[in-house]
Amino acid sequence: MPDQTTRLRVTIDQSVCVGAGLCVLTADEVFDQRDEDGVVKLLQDLPPEALYGRVQSAARKCPSQAIKVEEVPADTPSRLGQDHAA
Amino acid sequence: MTAAPSRVVIAGAGQGGLQAASTLREAGYAGAITLVGDEACLPYQRPPLSKGMLNGAFDAQALVLEELAFFARQQITLMVDVRIDKIDRAEHRLRLSDGSSLDYGHLVLATGARNRLLPDHQRALQGVHSLRSLDDGASLCRELGGARNLVVIGGGFLGLEVASVAAGLGTQVTVVEATGRVMERVASREVSEFFQCAHEAAGVRFALDARVGSIEDVDGRVAAVVLDSGTRLAADLVLVAIGVQPNDELAQEAGLAVDNGILVDAWLRTSDPAISAIGDCSAFPFQLDGGQRVRLESVQNAVDQGAYIARRLMGQSAPYAQVPIFWSEQAGRRLQMAGVTRRGDASVVRGDIAQGQFSVFRYRADRLVCVESVNRPGDHMAARKLLAAGLSPSPLQASDLAFDLRQYASAALAA
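Residue numbers here run from 1 along each chain, matching the order of that chain's written sequence. Key to labels: chains lettered from A, ligands numbered from 1, both in the order written. The predicted origin of the model limits local features to residues at a pLDDT of at least 70 and limits the giving and counting of side-chain atom pairs to 80 or more, whereas totals for whole chains, interfaces and linings rest on all residues. Hydrogens and water are ignored here; the side-chain numbers use all heavy atoms of the structure.

(A) Spatial organisation of the sheet that holds strand β19 (residues 275-277) of chain B. All names here are of chain B. Pairing between strands requires that DSSP locate at least two bridges from one strand to the other. Here a helix means four or more residues in a row that DSSP labels H or I, a strand means two or more in a row labelled E, and each is numbered from the N terminus. Across the sheet, five strands lie side by side as β3-β2-β1-β7-β19; this open sheet has parallel pairing. Edge positions in the sheet fall to β3 (76-79) and β19, since each has one partner strand and no second. Strand-to-strand twist across the sheet, computed as the mean angle between neighbouring axes with direction ignored, equals 15 degrees. Where helix α1 (residues 15-26) meets the sheet, it contacts β1 (7-11), β2 (32-36) and β3, and its direction lies at approximately 165 degrees from that of β2. Simply put, an axis is a line fit to the C-alpha atoms, just over the touching stretch for a helix, and the angle between two N-to-C directions goes from 0 to 180 degrees. By definition, residues are in contact when any of their heavy atoms lie within 4.5 Å.

(B) View of the pattern of salt bridges. All names here are of chain B. Counted as salt bridges are all cases of a side-chain nitrogen of Lys or Arg within 4 Å of a carboxyl oxygen of Asp or Glu. What the rule picks out here adds up to 26 salt bridges over all chains. Note that Glu 297 and Arg 185 form a salt bridge whose closest N and O atoms lie 3.7 Å from each other. Remark: Arg 185 occurs in the loop between β11 (172-176) and α5 (189-201) and Glu 297 occurs in the loop between β21 (292-294) and α7 (299-313); sequence separation between them is 112 residues. Note on Arg 185: relative accessible area 55%, which makes it exposed. Among the charged side chains, a salt-bridge network with shared partners connects Asp 289, Arg 342, Asp 345, Arg 364 and Arg 367. Burial status follows relative accessibility: with a 1.4 Å probe on protein chains alone, a residue under 20% of its type maximum counts as buried, one over 50% as exposed, and anything between as partly exposed.

(C) How the structure looks around the sheet that holds strand β9 (residues 128-129) of chain B. Residue and element names in this part refer to chain B. Overall, parallel pairing links the five strands, which are arranged β9-β16-β10-β11-β12 in an open sheet. The two strands at the open ends of the sheet, each matched to only one other strand, are β9 and β12 (205-207). In the sheet, strand β10 (residues 149-153) pairs with β11 via five bridges, with the strands oriented parallel. For Ile 153, the partnering residue across the bridge sits in β11 and is Val 176. Sitting on the sheet, helix α3 (residues 134-144) touches β9, β10 and β16 (237-240), and the angle it makes with β16 is about 150 degrees.

(D) Seen up close, the interface of chain B and chain A. Contact with chain B, which involves 28 residues of that partner, is made by 22 residues of chain A. Two parts placed together each lose some accessible area under a 1.4 Å probe, and the buried area is that loss summed for both. With both chains or domains summed, chain B and chain A bury close to 2,100 Å², and 49% of this area falls on carbon and sulfur atoms. On the chain B side of the contact with chain A, Trp 327, Met 381 and Arg 406 of chain B bury the most area, a combined 21% of that side's loss. In this structure, the connection of chain B to chain A is made through two salt bridges. Nitrogen and oxygen atoms within 3.5 Å of one another constitute a polar contact, given that in protein one can donate a hydrogen and the other can accept it, and given that sequence-neighbouring residues count only through two side-chain atoms. The interface formed by chain B and chain A contains 11 residue pairs in polar contact (both at pLDDT 80 or more). Element by element, the count of residues in the side of chain B that touches chain A is highest for helix α8 (residues 377-389) of chain B, at five residues. Of the residues assigned to the side of chain B that touches chain A, the class counts are 12 nonpolar, six polar and 10 charged. Side-chain classes follow a simple rule in which Ala, Val, Leu, Ile, Met, Phe, Trp, Tyr, Cys and Pro form the nonpolar group, Asp, Glu, Lys and Arg form the charged group, and the remainder, Gly included, forms the polar group.

(E) Here's a closer look at α7 of chain B. All names here are of chain B. Multiplying 1.5 Å by the residue count of a helix minus one yields the expected span of that helix. With 15 residues, α7 should cover 21 Å at 1.5 Å per step; its first-to-last C-alpha distance of 21 Å lies within 8% of that length. The opening residue of α7 is Ser 298, an N-cap whose side-chain oxygen sits 3.0 Å from the backbone nitrogen of Asn 301. Looking one or two residues beyond α7, the residue adopting positive phi is Gly 315, at roughly 115 degrees.

(F) Geometry of the side chain of Arg 9 of chain A. Residue and element names in this part refer to chain A. Topologically, Arg 9 is positioned in strand β1 (residues 6-12). The buried category is assigned to Arg 9, whose relative accessible area is 12%. The contact partners of Arg 9, leaving out residues within four places of it in the chain, are Asp 45, Leu 46, Lys 68, Val 69, Glu 70, Val 72, Thr 76 and Arg 79.

(G) A look at the pairing of strand β7 (residues 106-109) of chain B. All names here are of chain B. Alternating positions in β7 separate into two faces, His 106 and Val 108 on one and Leu 107 and Leu 109 on the other, with burial throughout. Relative to β7, β1 runs parallel, the two sharing four bridges. Within the sheet, the bridge partner assigned to Ile 10 lies in β7 and is Val 108. Bridge analysis of β7 against β19 gives three bridges, and the strand direction is parallel. Along β19, the bridge assignment pairs Val 108 with Ser 276.

Printed below as a string of structure tokens:
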């Protein structure tokens, strides 16, 4: 678990997503599926600590390893709206 | 609303059982949870065993669904490498293979299914494999790299997925299928024929309407599969993938109603209200098909039923009514299915089969029951909405690419 100086950042690889939807079932505050093709979209990339357990579980449950969770410095800005605009 | 039981025991630590345990905690359940698994490892996911794990894209450690720390944090007792030998329903007590016993307030049977064996022939020959567990996957993986001739017995999802990976590794693959087309039980003729062609283009050969007469060996190592017709297929590796049977004996011995799966009602309760059954082992009344009983073998079904049972134990009263979904990856194509189709359903094609981008809408009478999509994920997403809402576009609408399914679903839902 990260300490006070780090936090978890979620990134997704939409090119490998198979649209199984297990991430949405596991953490629907963080993941959703695009209507047009079912591909995963991120609702937030820097989730609050209360969601860490479920976000990590969603990453493990993904059958195509499309979700990555990494520890980043606590002051890391959100990247949503840039490369993950869905 | 009935009070939640004081102690929930989940028999089976697969994806469904694990989901039941974790959703119970998420829903605020404060009682004891025990998850009992018969494999000697942490719960793991099986879908990559026939796909990415075989070509090295996925390693075994990545299959683990939750690490030990999760179980400690969630106060879920995980027992591994132990079987449940007997259910004493009168005492609400389980007898375990390690000699201990375990009391339950509510018992969730998530015992899954096991692979069918080839009658008569499946002696312990080197090179003859089956694929369901992590160990099975590792052992198949070890042999696949060096194999020259793989014979896959059974042209269902599992067999075809493995055939696809093996062909990609340069192995000569022959698929032996007992019926007239691949995926005969679960998919439309259009989808079967499309995938057979796609596999053939990748070098896979097929023997349809074919039955295995015998398996030949040399010094205990498989050498050939001989068909009833007399055709001899050279083989240094064989995969038997002829379907599964539900693990329902434990329930049956306890006197619960069983018929190709443990029979449950619309709330997934067995004939004993203190016992529920979910996932591959459970035969439930399918709400989207007039309550006709169905037993599904899929991750989505196991996970959704696991989550459902947790919420039901916490007081939710609605019956189980999720739209079944399924996916497969073969010959570089993605097949996505929503709903359940049966032999005799009518097919309406949307898109272009020759281009490899199409969906098959399956109708029973005038009602849409299933949509199979090949590289048309948008149709799949729309189909999930249509089926959940009980909407049936007309066959003419379904086949018209200018007809916007998403808009139709949204408009009908809003009306």
